[in-house]
Structure formats: C-alpha cells, structure tokens
Amino acid sequence: MKPRAALPPTAFTLPSKYYTDPAVHERELELFFRRMWVCVGRFDELPDRGSFIMRHVAGDSLFIVRTSAPGEPAAVNAFHNLCRHRGTQLCRDERGRFQGSIQCEYHAWTYDLNGTLIGAPHMEGSAHFRKEDFPLLRAGASVWDGFIHVCVTDTGTTLEQQLADLPRKFGPWQMGELRRGDGITYDIAANWKLIIQNFSECLHCPNLHPALNKLSHYLSGENEPLHPTYMGGRMDLNEGVETMSMDGSCPRSFLPGLSAVERRGVYYYALFPNLLISAHPDYVMAHTLWPLGPGRTRLVCEWHFHPDELARPDFTANAVREFWDMTNRQDWHVCELAQAGISSRAYRPGPYSNREDLLYAFDRFIVETLGD
Amino acid sequence: MKPRAALPPTAFTLPSKYYTDPAVHERELELFFRRMWVCVGRFDELPDRGSFIMRHVAGDSLFIVRTSAPGEPAAVNAFHNLCRHRGTQLCRDERGRFQGSIQCEYHAWTYDLNGTLIGAPHMEGSAHFRKEDFPLLRAGASVWDGFIHVCVTDTGTTLEQQLADLPRKFGPWQMGELRRGDGITYDIAANWKLIIQNFSECLHCPNLHPALNKLSHYLSGENEPLHPTYMGGRMDLNEGVETMSMDGSCPRSFLPGLSAVERRGVYYYALFPNLLISAHPDYVMAHTLWPLGPGRTRLVCEWHFHPDELARPDFTANAVREFWDMTNRQDWHVCELAQAGISSRAYRPGPYSNREDLLYAFDRFIVETLGD
Amino acid sequence: MKPRAALPPTAFTLPSKYYTDPAVHERELELFFRRMWVCVGRFDELPDRGSFIMRHVAGDSLFIVRTSAPGEPAAVNAFHNLCRHRGTQLCRDERGRFQGSIQCEYHAWTYDLNGTLIGAPHMEGSAHFRKEDFPLLRAGASVWDGFIHVCVTDTGTTLEQQLADLPRKFGPWQMGELRRGDGITYDIAANWKLIIQNFSECLHCPNLHPALNKLSHYLSGENEPLHPTYMGGRMDLNEGVETMSMDGSCPRSFLPGLSAVERRGVYYYALFPNLLISAHPDYVMAHTLWPLGPGRTRLVCEWHFHPDELARPDFTANAVREFWDMTNRQDWHVCELAQAGISSRAYRPGPYSNREDLLYAFDRFIVETLGD
C-alpha cells in the first residue's frame, strides 16, 4: 500500500444540484448520454441478420438492428423508433427480428434494414414527394469487442477515439469472444454518478463488503490517473483466492490470453458515461447504467464467459452471480442512502480523503464538461 | 373512387408540441373544451326529475341534473360541484338522484334543483348576507336528439348554432328516440386529436382493420369538406353486407326514418370537440372523448338502438360490440404508437397524402383557433 | 349559548391558492413548519438512552435521540439524518436504539450522541482536516409535558416562549405523566389548514356527527379569542355523559389533578402549526399534522392515559378509539370534499357565519404571517 498524494483542502463533494436538479440532469443527458458513445448491449444478443434490440437512451427510443449475416463481421444500424409519415412508433417489442424490411403498422410505410424508404402507399399522387427524402432517422452505431455502442448526436468523434487506449489494455481478455452467461437488472434510487463513484473506490469495502474484503484487500488496489473518457485500476486477489465468487475458487479455465499478473487481479474500469467493466481471470462482469431521472438509475449487470466454458454441461454462473448480487445490493443500498441524504435541504459538501482521489477528479471532469 | 385534389407540398403533420406540451394542451382545453359545447352523455341516463350525472370537463367537476318530470320535454341544469359556503364538493357519486333539493354534507347549506340557495344555517346573524347572492355556479346545459351538452364558459353561442346543419343531416336517424344498448370505456395513451384524426381517414383500414375492410371498402368513402365545427363523410357497405357487425348481417329492423341510400352506408362525423358519431342502418355508435392530459384520453363508446329492438326478448348487442371493440382496440393501439413516436425528441413532421385531406384541414383549424 | 359578535361583511374564506398552490405551500412550510416548534412525538416513545425516532419535518429527515438515562429528566437531541463525509443517510429505520454512538454504514464515520465526530477513517492523511469542524447538523429539540418538539431553523424563540400560557392552562391534566394507550395514522387528501379549521368549529356537528352531538351539544362551546400561537376553547359534556366514548360512560378514574369544572368538559386547542390537543376528563387525545403537499396531510392520532389505568389488567381504549375513529373519518371526509371543491377552477371564497369567528381569525393569521 502506497500513500496517496494529498488532495487540496478544497477537495469536497459536489453541491446537491448535481444529484437532484432536473435541469442539471438534462444537461448531463445532453453532454454525456447523447453526445458520447453509450454502451447499449452485446452483439451476441443479435443472433441473425434483421435481429434487433430496442433501447431507451436519454429519452430517445432507438432500435439497433444487425445487418450482417452469421459468420460475417459484426455490423449494426441504429434508428430512431418512428415512422417518417405520421410519427408512429415502428416497434414496441424489446427484441425480435425484422424479416428483411421494417413496416409501420399504421399506414404500411416500409423501410429496408439500412433505413431507406421503399414503400409509401397513396403518396404517388403527390408530385413533390420523393421517397429518398424520408429515410429512417439514424444514430451512430458501432461494436467494440462485442459491446454495441450508439451515439445519438454526431460530434465527429468515433467510438475508437472515445475508447482511446482501452482496446489495447483489454486486449488480453479477448472480450469479443465472450458470451453472456447470466444477468440481473436493478432499479436504483440514486443518481448515475453516485454509482460510478461507488464503483471507483474501495474504502467502503471493509465496512460494507466483508466477504469481498476477504477475497481482495481494499488497500491492495492501485488506480491510474483519470483519463479523459475513463478511469480505473486494479485490485489484487488475496493469496489462495482464484477469482471473485462465493468461496474464491474458480471451477473454470482462466481466459486464454491472460498473463500471470493478469490472472492475479481484477481490473475495474469505468468507461464514461455508462459502462463499468470488471475483468476477472475467468469472466468479465459488465454494468450498463441507464439514468431514469436525477435520482433513479436502471443498471443492467451481466457476466460474460468463454464459450468453451459455457458449452460445458456442468457450467454454472451461480457462485459468481450469488457473490456479486450480494455485493451489488450492498452497494446500491449505500448509493440510495447517499442520494437521500444529498437530496436533503440540510446537505452540504463534505471532505474527500486522499484515497478518494479518483472521485474528486471525476467530479472535476463533470463540472468542467458541464461548463460550470 | 374519385382522385382527390392535390394537397400543397407544405401539407405536413403538426409539430410535436401540439401533442405533448402541457401549455398547448391547457389552451386547447380553454378554447375547445370550455368555450365550446361538449357532449357529456345521453338524456336517458337521467330517468327522473332530480336524477343527476357527475362529469369532469376540462378540470371542472360538474353535475347535470334533470329538472323535467317523465313525459315532459327534456330539461337539464348543469352546476359546478361545490357549495358557496366553504367550497365543499356537494357530491362524489358518479350518478344518483337528489330528492327535491341539494344539501351540503358539511354545514347543511341547501339548494333547489335550479341552484337557488334555500337554506343557510347560522347565517341569520349576518345582517349583510342575502341568500340570493349565493346560488350554485351554473354552466350552460342543453340537449340535442338525446345528447346532453354543456358549455362551461358562456360565449353567446348556443348549442344550435354550434351544431349548424347537423340536426337536419341526422334527422332521419331520429337519434332522440334511441336508447343505450351497451357501452365500453377506454383509457388511451394518446392525445385527443390523434383519436379524431384516426377516426377521420380510412387509409389505415386495409393494413390495420382487415375485418372492417371486408364489410366496407376503405376507398368507398367520400368526405364533405371541413365545416367550422364538424367534419365527416360516408362509407358504403359492401354488397351483401347489411350493417357493421362480426358477420355483416343485421338481425334488427333498420331505423324507421332512413332512405334506401342511407341504409347502404355508414355516416362517420366528428363533432368538435369531443363527439364522434357513427350512424349505421340499425344503430348509432357514439364516442365521447375526455382529455386527461396531452398524452392521455378517456373515451366512452356507446351503442344506441331503437327502443322496439331493445324491448325484444332476444335482443343482443354482442355482434356489434364484439366487432367494434376489436376495431377500436386496433385503432387505439396505433394512436398510442403515434403518441409515443411524436413524443420522441427525434420526431419531425411528415407528409400527408392527398387522401388525408381532412386531417390537414383539421390541423389548420386547430392551429388557427389557437391563434398560432 | 351566547350570541357571537358580528364579523365584518368581508369575512370570507381564503382564495384557493392557500390550499392548492405549491409556492404558497412551500412558504408555509418555511414559516410555520421550519421556523416554529413542531410536535414530533411523545417522550415515552424513547425508552432508553440512545433510543431514537426518525421524522420527516417539512422535507427534512431528522432523528431525535434520547440522551438521558431512565429516571433522569427528559433530554433529547435532534439531528439531520446525514453524514458529514459524503452526505449518506445515517439511518432508515423509523425507530431504534443507537448503542452509544452513531456510525455511517458507508465509510464508518462515527459520531457520539451529542453529534460530535469521533471517528473518520483515512482522513488522518489530510493535514487540514479537523474532526470538530464536522459534527452532525443539529435542530432545536425540547420536551413539554411529554410532547417532543423540534425547530429546524433557529429564530431565537424558545419552545416555552411559543407555548406562552399553555403550560399553565394544561397544568391540571399533568400530561407529562400520561402514556400512549393507542393510536391511528390517517392519510388525508386535504390541506393541513382545512383540518385545523375543521377542528376549530362545531357548527358541522349536528349534521355530520350525530353521535358526538348527543354527548356534547354543538352550541355549548365557548372559544377564547385567537392567541398568537394557538386557539381553542371548551365544550360541555351533556348531563349524564362522563367522557367522549361510544356510550359516554367512563370506566376509568378521572385524571387526578382536575377540578369539578374541568371534569365536565372537553378542551380543544390547536397549537400552531401542527398539534391538536383534546383534553378529556380521563384521557388526552393528540393529533399531529404532517403536510405532504398542498392537498395532502398525514395525521397521527394518539390517546394518552394515566399509567395507573394502563396498568389495570382490564384496561382497554376500544370505546374511545371506536368513537373517535368514527368521528375522525367523518371529519376527514368533509375536509377532502372541501379540498376538492376549493381546488376547482370555479371556486370562489364564501361567507363565514359569526360562529366561524376563530376560522376567520386563523385565516388572518395565516395571511399576515405569509406577508400577503
């Protein structure tokens, strides 16, 4: 354990408006959730050409449709969920498959999988009407190592630029090969940033997570300094512990690309704005955050395994699911207590300790991005 | 089928604010629901002198009380549901009968059926108090062919003036004689205008209503041009079809006053702001619309039959109810999809076809009445 | 029954904004519920040193903790429910007991029962940090005759000053000795002031409370003039009636300190802003009011008895509970009707009778305190 550099005496938590004010929240949605690439799911949710998933991103209803056939490189389009005729939503299912084209139920306007309008009944009498003027409204869509990302507002920044050196860092885990083994969705009465802050320090671990603290000591971690679009670090597994699970044992092979060092730790990275990756020796846990309001966040937690392990007849994610579900619930509980306290009229900012340096840096990033 | 005149290239649907903005909605309530006559029910809901129904009209709680004895001409009063003493609501029941007078539960102030204050305990000590200064607050109330209408804000326009030539048009159906046979109430997650627009075009019929399209072809209709307070037209029944019901057969006599032509069609009229009449050869369907917010409308659908038919021991409205309930639900489904899509940040107005001419005219009427 | 002095011709009920406008309500919370002492419960809810109750006062979450050991004089502290580190709520339980200190679940900051910070892990590396700068945030707390009061905003006024001569008036009932025998919590769809007004006149009794009116005639009451912080008066028990209960009989001894006159009446006092005391010959009923919005109030009704009576094996509060629950529900019903009517667009103020003089005075007090 190394001592941390001293934070300035002004290193206090943020004023309450950053967690409670609908106007600040709306600006955060605009700047972080519409102008950045957000993770909306995994490519293995789309088994075939025409398969789609529906997502609500910062108030927009979008569907993401797979355009590549099985065996071809991952390719997806993302469209706003509305017909260009009278605005009717095209789809209400959370997932499904379009059979070659996308047809509106109301008046049968029809689009191909690239969003081009190919049928518009009764418009032939309108001399000025041209089908090419009314394609589906498109959002950016791209896939990195199996993680599908969309970007509602085109700012010229590509997903690759936003990810910076993360693809290289996460290369050894070969996450594009992994497949979903299990998942849980949580509805948390807390601001999305409180969840990222909770994810980014382990000072609370001895008090709140005694089981976790037995597997990985809370002071073993070392953080990287804050990067423009992510932050994170590593914690060591205690001696005799093989992975994070109920008893610390690992009934699976380690992921094939990992070094000896990578097999002895867990790598926790928060990719702004909404993807939290916890890379273990034998699986990857990914949280995606979906703000539903200043004080409410939906969180999808999924565990991704190597397909060889998933194919084994005795495969089970139970020990992993049980351990992390218990730990998650402890975390959401204190996030909700923090949201409630910060929402109080009496709340005033409090002092960060030097080991909460990433949180202070994250707060600075938020404030500066909002232009405050 | 006649070709329709070409709409201008600017004939697009309305911006989203007309369907989502609470301020626009409030102005619509004021201009269309408080300053126009709105239909609140049927006179046959009031069996006797003193019978009342309670209604919420654009945020006002009103009760409508019958003042005429059985056998006398229809006569009703409409009052705001509050006592002039301390503002207490006089009634919470949806329907019932006042026994000669209306008494407040709180301090027993008492009014006659014309709203005159006739009892005010303990006010005798107040020298300046005069009962005649505190009658119930009244709204306009009038009955046309069995349809009770109220007008919250007196603009000087009578119900007769608002109805224009409709009483003459609907004369043959003798709707005042008809009695309610059945009804269904729907709660629809869509703006009231989307429901009127859906009612006013049948382009969506082949795709959405295959059963209806077998009874009455979607291109058989002919519309009248928009009138200041209503719009509508006729659709023909297909050969061999007698009325709109599950199998197209009609086990009832046709209404006695209809011509041969009237027996071969259905007349669909939208009476602004909230009454949709569908006059069939043997019954009349009436929808009343009750906006509950920009994106939510309660709709009461009722079927009215000739009393001779209702009196027959084998009378049943089932085939009519089943057909229209199925068709209604298909319509409310797409109205809700339209509301959801139009509410999206991504929505932008789309082009009307020439066969959506009534909708475009209706939109112009809305925009002009709002003074936009 | 004495005639009342005539009210001026301008003595009308208040405009609707005082019952419906969120901005007025917020000002009322500030001026009446944060700057005055409010009653939050009874000292006998705190059996031991460290026992606490949690309360929400006008949007603030507070806990009140007992600091005196059994046998010592009543002593309590009130603290805002949040940690000075990152704002986390310290407690979610409605009641419980702290074992000597108060520890935050998140990062284990620890306070003693006086709110002093005594533990702050990992802050030792911050040279500028001093524990004494971060005590729990305190509200005023004081106990009168068993009634715990808190004051969120210190205005310099003590509880004793606010109570004025009430401790002397209520001296004979020795309320500090009484213990809770039973209680009911109500959720009422009405503004808090309508409940105080309802409590402060009995003109509605013959019409609304026929059972009560048999025990205590509605015109038997005599009010004191309005005092700056309370109002109230007395009503006589009818001949043969011993106390307010289902049959008017009293199976208990009268409270030991009462005079013959006090044993023949009930004393109804509204202590602004939120405590309504009804002192009977053998028990005290206390309502506390908790505004949840302009149109919604939670009301806690409790009956307090002499401990000698509570200790009797055949003690029961049933006849008292049954009588007052019936009467309470009649009152809340008309309060809700009044709220609904006053919330109507059509509402306009109505005239008070001379026997509603306290209500008119109360309205003046409200308007003047708000500075309108």
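In what follows, the structure referred to is the one given above.
Residues numbered from 1 in each chain as written. Chains lettered and ligands numbered in written order. Predicted model: local features only at pLDDT ≥ 70, side-chain atom pairs only at ≥ 80, totals over all residues. Heavy atoms only, no water.

Undergrad: Tell me about helix α10 (residues 357-369) of chain A, and please be specific about residues and values.
TA: Residue and element names in this part refer to chain A. Here α10 is 13 residues long and its end C-alpha atoms lie 18 Å apart, about the 18 Å a rise of 1.5 Å per residue gives. If you check which residues of α10 are buried, you get Leu-358, Leu-359, Tyr-360, Phe-362, Asp-363, Phe-365, Ile-366 and Val-367. Tucked inside the fold, the buried residues of α10 contact α1 (17-20), α2 (22-34), α5 (192-199), β12 (222-223) and β13 (230-236). (Helix = DSSP H or I, 4+ residues; strand = E, 2+ residues; numbered from the N terminus. Expected span 1.5 Å × (residues − 1). Buried < 20%, exposed > 50% of the residue type's maximum accessible area, 1.4 Å probe, protein only. Contact = heavy atoms within 4.5 Å.)

Undergrad: Tell me about the interface of chain C and chain A, residues and numbers included.
TA: Counting residues at the interface gives 29 residues for chain C, matched by 35 residues for chain A. Counting each side, the surface lost to burial between chain C and chain A is near 2600 Å², with a carbon and sulfur contribution of 56%. The three residues of chain C that bury the most area against chain A are Arg-86, Tyr-106 and His-122 of chain C, which together make up 28% of that side's buried surface. Put simply, chain C and chain A have five salt bridges between them. Glu-336 of chain A is the salt-bridge partner of Arg-92 of chain C, the closest N and O atoms lying 3.9 Å from each other. Inspection of the region where chain C meets chain A yields 13 residue pairs in polar contact (both at pLDDT 80 or more). The residue inventory of the side of chain C that touches chain A, partitioned by class, reads 11 nonpolar, 11 polar and seven charged. (Buried area = accessible area lost by both parts, 1.4 Å probe. Salt bridge = Lys/Arg side-chain N within 4 Å of Asp/Glu carboxyl O. Polar contact = N/O pair within 3.5 Å; in protein donor to acceptor, adjacent residues only side chain to side chain. Nonpolar A, V, L, I, M, F, W, Y, C, P; charged D, E, K, R; others polar.)

Undergrad: Can you break down the state of the cysteines residue by residue, with the values?
TA: By the definition in use, this model includes three disulfides over all chains. Residue pairing for Cys-202 of chain A: its cysteine sulfur links by disulfide to Cys-205 of chain A, the two sulfurs lying 2.0 Å apart. Its torsion about the S-S bond being -105°, the disulfide of Cys-202 of chain A and Cys-205 of chain A is classed as left-handed. The two residues Cys-202 of chain A and Cys-205 of chain A agree in class, both being buried. Free cysteine Cys-151 of chain A: the closest other cysteine sulfur is in Cys-39 of chain A, separated by 13 Å. The exposure class assigned to Cys-151 of chain A is buried, which follows from its relative accessible area of 4%. Note on Cys-39 of chain C: no disulfide assigned, nearest cysteine sulfur contributed by Cys-301 of chain C at a separation of 13 Å. (Disulfide = S-S within 2.5 Å.)

Undergrad: Which residues make up the side chain of His-107 of chain B, and what are the values?
TA: Looking at the element boundaries, His-107 of chain B is found in the loop between β6 (101-103) and β7 (110-112). At 2.6 Å, the side chain of His-107 of chain B and the side chain of Glu-201 of chain C are in polar contact. Not counting chain neighbours up to four residues away, the residues in contact with His-107 of chain B comprise His-85, Arg-86 and Pro-121 of chain B together with Glu-201, Leu-203, His-204 and Glu-356 of chain C.

Undergrad: Describe the interface of chain A and chain B, naming the residues involved and giving the relevant values.
TA: Listed as interface residues are 29 residues of chain A and, on the opposing side, 35 residues of chain B. Together, the buried faces of chain A and chain B total about 2600 Å²; carbon and sulfur atoms form 56% of this surface. In terms of surface lost to chain B, no three residues of chain A exceed Arg-86, Tyr-106 and His-122 of chain A, which account for 28% of the buried area on that side. Across the chain A-chain B interface, the total number found is five salt bridges. For the salt bridge of Glu-356 of chain B with Arg-86 of chain A, the shortest nitrogen-to-oxygen distance reads 2.7 Å. At the junction of chain A with chain B, the criterion picks out 13 residue pairs in polar contact (both at pLDDT 80 or more). Residue classes in the side of chain A that touches chain B are distributed as 11 nonpolar, 11 polar and seven charged.

Undergrad: Residues and numbers for the packing of α5 of chain A against helix α9 (residues 318-342) of chain A, please.
TA: Residues and elements named next belong to chain A. Contact pair α5 / α9: the axes reach a minimum separation of 10 Å and the direction vectors enclose 130°. In terms of axis orientation, α5 runs oblique to α9. Judged by the twist between their axes, the crossing of α5 over α9 is right-handed. Facing α5, whose interface residues are Leu-194, Ile-195 and Asn-198, α9 presents Asp-331, Trp-332, Val-334, Cys-335, Ala-338, Gln-339 and Ile-342. Grouping the amino acids of the contact of α5 with α9 by side-chain chemistry returns seven nonpolar, two polar and one charged. (Axes fitted to C-alpha atoms, helices over the stretch in contact; angles between N-to-C directions. Parallel < 35°, antiparallel > 145°, perpendicular 65-115°, else oblique. Left-handed = near helix turned anticlockwise from the far one by under 90°.)

Undergrad: Tell me what's going on with the relation of the copies chain C and chain A, and back it up with residues and numbers.
TA: Superposing chain C onto chain A takes a rotation of 120° combined with a translation of 0.0 Å along the rotation axis, leaving an RMSD of 0.0 Å. The transformation relating the two chain copies, once decomposed into turn and shift, fits a three-fold axis. Among all residues of chain C, the minimum C-alpha distance to the rotation axis is found for Pro-22 of chain C, at 10 Å. (Least-squares fit on C-alpha atoms with pLDDT ≥ 70 in both.)

Undergrad: Explain the sheet that holds strand β3 (residues 60-66) of chain B to me, using residue names and the numbers behind them.
TA: Paired through their backbone hydrogen bonds, the strands of a sheet run either parallel or antiparallel. Residue and element names in this part refer to chain B. Read from one edge to the other, the open sheet built from seven strands follows the order β1-β10-β9-β4-β3-β2-β5, with strand pairing classed as antiparallel. The sheet terminates laterally at β1 (38-42) and β5 (95-97), the two strands that pair on one side only. Mean inter-strand twist for the sheet, computed between neighbouring axes without regard to direction, equals 30°. Sheet analysis places strand β4 (residues 76-80) next to strand β9 (residues 138-144), joined by two bridges and oriented antiparallel. Considered in β9, the bridge of Ala-78 is made with Ala-139. (Pairing = 2+ DSSP bridges.)

Undergrad: If you had to explain the packing of α2 of chain A against α10 of chain A to someone new, which residues and values would you point to?
TA: Residues and elements named next belong to chain A. Running from N to C, α2 and α10 cross one another at 100°; their axes reach a closest spacing of 10 Å. Classified by the angle between their axes, α2 and α10 sit roughly perpendicular to one another. For the pair formed by α2 and α10, the contact residues are Glu-28, Leu-31 and Phe-32 on the first element and Phe-365, Ile-366 and Thr-369 on the second. Residues that form the contact of α2 with α10 fall into these classes: four nonpolar, one polar and one charged.

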